Amino acid sequence: MATTLNSFKDLFIHELKDLYSAETQLMEAIPMMAEAATTKKLQEAFRAHLEETKRQRQRLEKIGEILGEDLKGETCEGMKGLIKEGEGIIKANAQGEIKDAALISAAQRVEHYEIAGYGTAVHFADILKENEISELLAETLDEEKSSDSKLNRIAKQFVNVKAESIH
Ligand code: FE
Ligand code: FE
């Protein structure tokens, strides 16, 4: 069934439902990524982001309450696809550092997807003059950006260097 979007607010709620679904899917996917990681630093990064992800979903629930809207019931197909790609990497036969480099690559795709979604949502909240909601979304946006930078640092510091020496 096609989605009906009669107003900017409808579009905003549609975006929020998409994000809610994305975070919900990630709550199940991140522990599998952590399990598959071979370096402690990467495992810890995934586990820390899992805790953040739980809080991010709670933030969306709070936003739903503010708007008087139930954000459940949608499926974010984009995140579903990214997680499917991540599962392919989890199952792949690969040596430690190669596997970690691949996991980081998949995880950064997820973060960039979230950054795009939350960036748009913050912008929409500002247009709709929903200041409290805008602040809540901006907090999550910052967390997604730091998570991406953290993964970048791990990749650059040792994973890619070690992976290069294996081939
Ligand atoms: Fe998130
Ligand atoms: Fe994230």
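I will try to describe carefully the structure that is included in this document. Residue indices follow the written sequence of each chain, beginning from 1 at its first position. Key to labels: chains lettered from A, ligands numbered from 1, both in the order written. Selection of residues for local features in this predicted model requires a pLDDT of at least 70, selection of side-chain atom pairs for listing and counting requires 80 or more, and totals for whole chains, interfaces and linings are taken over all residues. Side-chain measures were taken over the full set of non-hydrogen atoms in the model, leaving aside hydrogen atoms and water.

### Some thoughts on the environment of K91
Counting from the N terminus, the helices are the DSSP runs of H or I reaching at least four residues and the strands are the DSSP runs of E reaching at least two. Note that K91 resides in helix α3 (residues 77–91). Overall, the relative accessible area of 68% leaves K91 in the exposed class. Separated by 55 residues in the primary sequence, K91 and A36 place their C-alpha atoms 8.6 Å from one another. Each residue's exposure class comes from its accessible area (1.4 Å probe, protein chains only) as a fraction of the maximum for that residue type: buried when under 20%, exposed when over 50%, partly exposed otherwise.

### Thoughts on unusual backbone geometry
For K129, which is not a glycine, the phi torsion comes out positive at approximately 55 degrees. For K129, the position within the fold is in the loop between α4 (96–127) and α5 (131–166). Relative accessible area serves as the criterion here: at 67%, K129 is assigned to the exposed category.

### Digging into the coordination of the iron ion (ligand 2)
Metal donors were taken as nitrogen, oxygen and sulfur atoms no farther than 2.8 Å from the ion, or 3.2 Å where the ion is Na, K or Ca. Water is excluded, so coordination may look unfinished. The protein atoms that coordinate the iron ion (ligand 2) are H49 (NE2), E111 (OE), E111 (OE), E114 (OE) and E144 (OE), at distances of 1.9 to 2.8 Å. Spacing between the donor residues of the iron ion (ligand 2) along the chain follows H-x61-E-x2-E-x29-E. Between the iron ion (ligand 2) and the iron ion (ligand 1), a spacing of 3.2 Å is present, and a bridge between the two is formed by E114. With H49 in helix α2 (residues 40–67) and E144 in helix α5, this pair connects stretches of sequence that are 95 residues apart. Accessibility expressed as a relative area gives 0% for E144, which makes it buried.

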